[in-house]
Amino acid sequence: MLFVSLILGLVSSALAVTHSGDGTFTTFGLGACGFTNDNSQLVVGVSTAFYNDFPGATPNPNNNPICGRTITATFQGKSVTVEVVDKCTGCAMFDLNFSPAAFDKLANESVGRIHNVSWQLNGGGE
Ligand SMILES: *[C@@H]1O[C@H](CO)[C@@H](O)[C@H](O)[C@H]1NC(C)=O
Ligand SMILES: *[C@@H]1O[C@H](CO)[C@@H](O)[C@H](O)[C@H]1NC(C)=O
């Protein structure tokens, strides 16, 4: 059993690809996933490119399998885990557009934009 969980642990960490991009924040409401969120929730939008290219994406953005997945993002030793609920048209490929509550876990909002946020999609995949 221990051996099996060790192997599973190695497999899932091998699947976890780490990305790096800028972090910004915005107000949240009805997003591309079709969920309605507010600014106090720990939610995020990924770039339109990342969203639209996600395996299993169809022309209906509400059905994108990335919706509801979580991302753990780290910036200068601080981390936050957020749920993917939207896409961000102004984002470069690996940028993340956080809710204010999520951004607050990483940096002061007065900074506006943070660089070199490293992140991974939890549960494997891109
Ligand atoms: C955020 O930055 C502003 C302006 O520099 C400062 O007044 C405020 O105290 C900071 N907030 C936190 C939580 O550090
Ligand atoms: C970006 O962050 C990673 C760790 O999160 C660090 O190893 C790397 O040196 C940073 N790169 C830059 C350009 O600051």
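An unreviewed UniProt entry annotates the protein chain as RlpA-like protein double-psi beta-barrel domain-containing protein of Sistotremastrum niveocremeum HHB9708.

**Some points on the nonpolar core**
Inside soluble globular proteins, nonpolar side chains tend to come together where they are buried. Within the largest apolar cluster, 25 residues are counted, with the highest numbers of intra-cluster contacts made by Val46, Ile66, Ile71, Ala73, Leu96 and Phe98. Put simply, the parts of the chain that give this core at least two residues each are strand E2 (43-47), helix H2 (48-52), strand E3 (70-75), strand E4 (78-88), strand E5 (96-98), helix H3 (100-104) and strand E6 (114-121). The biggest single contributor to this core is E6, with four residues. Not counting chain neighbours up to four residues away, the residues in contact with Ile66 comprise Val46, Phe50, Tyr51, Phe54, Val84 and Leu121.

**Examining the pairing of E3**
Of the two faces of E3, only one is covered, namely that formed by Ile71, Ala73 and Phe75; the face formed by Thr70, Thr72 and Thr74 stays uncovered. Of the strand pairs in this sheet, E3 and E4 are connected by six bridges, and their pairing is antiparallel. Each bridged residue has a counterpart across the sheet, and for Ile71 the counterpart in E4 is Val82. Both E3 and E6 contribute to a ladder of four bridges, which runs antiparallel.

**Some details on the side chain of His19**
By the secondary structure assignment, His19 is in strand E1 (residues 18-25). Apart from residues lying up to four places away in sequence, His19 is in contact with Phe50, Phe94, Val117, Ser118, Trp119 and Glu126.

**Some words on the state of the cysteines**
For the coordinates displayed, the defined rule picks out two disulfides. Bridging Cys33 to Cys67, the disulfide has an S-S length of 2.0 Å. On the S-S bond that ties Cys33 to Cys67, the torsion sits near -85 degrees, and the link is left-handed. Taken as a pair, Cys33 in the loop between E1 and E2 and Cys67 in the loop between H2 and E3 lie far apart in primary sequence, 34 residues in all.

**Re the sheet that holds E4**
Ordered in space as E1-E5-E2-E4-E3-E6, the six strands form a closed barrel in which the pairing is mixed. The average angle at which neighbouring strand axes cross in this sheet is 45 degrees, direction not considered. Pairing between E1 and E5: three bridges, direction parallel. Paired with Gly23 across the strands is Leu96, a residue of E5.

**As for the packing of aromatic side chains**
What the rule picks out here adds up to five aromatic pairs. Judged by centre distance (4.7 Å) and plane angle (50 degrees), the ring pair of Phe25 and Phe103 falls under tilted. One end of the pair, Phe25, is in strand E1; the other, Phe103, is in helix H3, and 78 residues separate them in sequence. A relative accessible area of 27% means that Phe25 is categorised as partly exposed. With a relative accessible area of 0%, Phe103 lands in the buried category. With a centroid separation of 5.3 Å and an interplanar angle of 75 degrees, the aromatic rings of Phe50 and Trp119 are classed as edge-to-face. Separated by 69 residues along the polypeptide, Phe50 in helix H2 and Trp119 in strand E6 bring together distant segments of the chain. The rings of Phe50, Phe54, Phe94 and Trp119 are connected pair by pair, giving a single aromatic cluster.

Definitions and cut-offs
As a convention, each chain's residues are numbered from 1 in the sequence order in which they are written. Written order decides the labels, with chains lettered from A and ligands numbered from 1. The predicted origin of the model limits local features to residues at a pLDDT of at least 70 and limits the giving and counting of side-chain atom pairs to 80 or more, whereas totals for whole chains, interfaces and linings rest on all residues. The basis for every side-chain value is the complete set of heavy atoms in the structure, and neither hydrogens nor water enter the calculation. Think of a nonpolar core as a cluster: buried Ala, Val, Leu, Ile, Met, Phe, Trp, Tyr and Cys residues, connected wherever their side-chain atoms sit within 4.5 Å. For every residue, the accessible area obtained with a 1.4 Å probe (protein chains only) is divided by the maximum for its type, and the residue is called buried under 20%, exposed over 50%, and partly exposed between those limits. Under the scheme used here, helices are H or I runs from DSSP no shorter than 4 residues and strands are E runs no shorter than 2 residues, and both carry numbers assigned from the N terminus. What makes two residues a contact is simply this: any of their non-hydrogen atoms within 4.5 Å. For two strands to count as paired, DSSP must find a minimum of two bridges between them. In this description, a disulfide is simply a cysteine sulfur pair whose atoms lie within 2.5 Å. For helices, the axis comes from a line fit to the C-alpha atoms of the stretch in contact; other axes are also lines fit to C-alpha atoms, and the angle between any two N-to-C directions lies between 0 and 180 degrees. Note on aromatic pairs: the rings of Phe, Tyr and Trp (six-membered ring only in Trp) are paired at centre separations within 6.5 Å, and the planes decide the class, stacked below 30 degrees, edge-to-face beyond 60, tilted for the rest.

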